[in-house]
Amino acid sequence: MIGILADIGIAPEMVGTIIATIIIGLLGAGYLGKKVSDVQRVQLEIPLRDKYLTRSEFLEFKGDIKSDIREMKVLYEKALTFATDRDERAATDLKNLGDQLHKRISDGDEAGAERRRTIHEEINRNTNAITRIEAHTNVGRDLGKLGAAIMTLAKKEPV
Amino acid sequence: MAANFNPLTIILRVKVREALNFSPGYPKTEAMVLQIVNQLVGGGVDIQELRDAMEWNLTHRFIRSEKDDDKQVLWYITEAGIAQQRI
């Protein structure tokens, strides 16, 4: 194409200028796409709606929330203190109850052992006494003698 | 009756007599017997188990007890207990 333009007497340096001129012309005529409109410098204004909070109302609302949070924290601390005290009281009561029960069981065991010891000692004393008596007497022999005497008397004087 | 076949129970009965057989003429309190038995068996003896063992020995007249002037119960080994230990 440059060769053709050179033949008709157009210098190569002018080729770019001519092509640019043609493109601008086509753009202007709308052949190469939609024409871009110029953006006008217009200040955009968005009207405020009545239901939106104003800044002062929002700050007041924010203050109320902070106040509520503070009150809730105080209430939470009170509830926590109450619960902690109650738990400590319950744990102490439970420990005291356990100690009392343990003492009662231990005392009962000790008293039972002491009573059983006394009973066993008494039984042992009686057993030893019976053993001593048996060593010095012969109940069977004495009973035999008594029976023989009775029989002798019975034979002498029949009933 | 199954408790009678517990090896620990039988060992404790023997160890109670063994504890009282140290210096047999001198009585010993329950705490002293517990201490000696713990040393003999390596520790861990429950006071109730010890009392059961002492009661068994008492019923068999292997040991005897008496109260001293301070109302403290003192335990002795009897001649039958010494003889039982020699078996």
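Residues numbered from 1 in each chain as written. Chains lettered and ligands numbered in written order. Predicted model: local features only at pLDDT ≥ 70, side-chain atom pairs only at ≥ 80, totals over all residues.

**Quick look at the overall build of chain B**
- Looking only at helices and strands, chain B has four helices and two strands in total.
- Moving toward the C terminus, one meets the helices and strands of chain B in the order α-α-α-β-β-α.
- Residue burial in chain B is summarised as follows: out of 87 residues, 28% are buried.
- For chain B, the proportion of contacts with a sequence separation of at least 24, taken over those separated by at least 6, is 51%. (Helix = DSSP H or I, 4+ residues; strand = E, 2+ residues; numbered from the N terminus. Buried ≥ 20, exposed ≤ 12 C-beta atoms within 10 Å, placed from the backbone. Contact = placed C-beta atoms within 7 Å.)

**A closer look at the confidence of the model for chain B**
- Confidence in the prediction of chain B, expressed as mean pLDDT, is 89, and 94% of residues score 70 or more.
- Scoring the predicted complex yields pTM 0.57 and, for the interface, ipTM 0.80. (pLDDT = per-residue confidence, 0-100.)

**Topic: the packing of helix 3 (residues 55–136) of chain A against helix 3 (residues 47–59) of chain B**
- In contact at an axis separation of 10 Å, helix 3 of chain A and helix 3 of chain B are set at 10° when each is read in the N-to-C sense. In terms of orientation, helix 3 of chain A and helix 3 of chain B fall into the roughly parallel class. In contact with A:Asp109, A:Ala113, A:Arg116, A:Arg117 and A:His120 of helix 3 of chain A, helix 3 of chain B contributes B:Gln48, B:Arg51, B:Glu55, B:Leu58 and B:Thr59.
- Here the contact of helix 3 of chain A with helix 3 of chain B is built from residues that sort into two nonpolar, three polar and five charged. (Axes fitted to C-alpha atoms, helices over the stretch in contact; angles between N-to-C directions. Parallel < 35°, antiparallel > 145°, perpendicular 65-115°, else oblique. Nonpolar A, V, L, I, M, F, W, Y, C, P; charged D, E, K, R; others polar.)

**Focus on the pairing of strand 2 (residues 73–77) of chain B**
Residue and element names in this part refer to chain B.
- Of the strand pairs in this sheet, strand 1 (residues 63–67) and strand 2 are connected by five bridges, and their pairing is antiparallel. Bridged to Lys-67 within strand 2 is Val-73.
- In this structure, the hairpin formed by strand 1 and strand 2 is closed by a connection of five residues, where Lys-71 is found at a positive phi of approximately 60°. (Pairing = 2+ DSSP bridges.)

**Side note on the nonpolar core**
Residue and element names in this part refer to chain B.
- Ranked by size, the top nonpolar core spans 16 residues in total, and within it Val-16, Leu-20, Val-33, Val-37, Leu-50 and Ile-63 carry the most contacts.
- Looking at this core, the elements with two or more residues in it are helix 1 (7–21), helix 2 (30–41), helix 3 and strand 2.
- If sequence neighbours within four positions are ignored, Leu-20 has contacts with Lys-28, Val-33, Ile-63, Trp-75, Tyr-76, Ile-77 and Gly-81. (Core = buried A, V, L, I, M, F, W, Y, C linked by C-beta atoms within 7 Å.)

**Thoughts on the interface of chain B and chain A**
- Counting residues at the interface gives nine residues for chain B, matched by seven residues for chain A.
- Elements supplying a minimum of two residues to the side of chain B that touches chain A: helix 3 and strand 1 of chain B.
- It is helix 3 of chain B that provides the largest number of residues to the side of chain B that touches chain A, a total of five residues.
- Among the residues forming the side of chain B that touches chain A, the class breakdown is two nonpolar, three polar and four charged.

**As for the packing of helix 1 of chain B against helix 4 (residues 79–86) of chain B**
All names here are of chain B.
- Direction vectors running N to C along helix 1 and helix 4 enclose 115°, while the axes themselves pass 10 Å from each other. The orientation of helix 1 relative to helix 4 falls into the category roughly perpendicular. You can see that helix 1 and helix 4 cross each other, and the crossing is left-handed. Of helix 4, the residues touching helix 1 (which contributes Arg-17, Glu-18, Leu-20 and Asn-21) are Gly-81, Ile-82, Gln-84 and Gln-85.
- Residue composition of the contact of helix 1 with helix 4, grouped by class: two nonpolar, four polar and two charged. (Left-handed = near helix turned anticlockwise from the far one by under 90°.)

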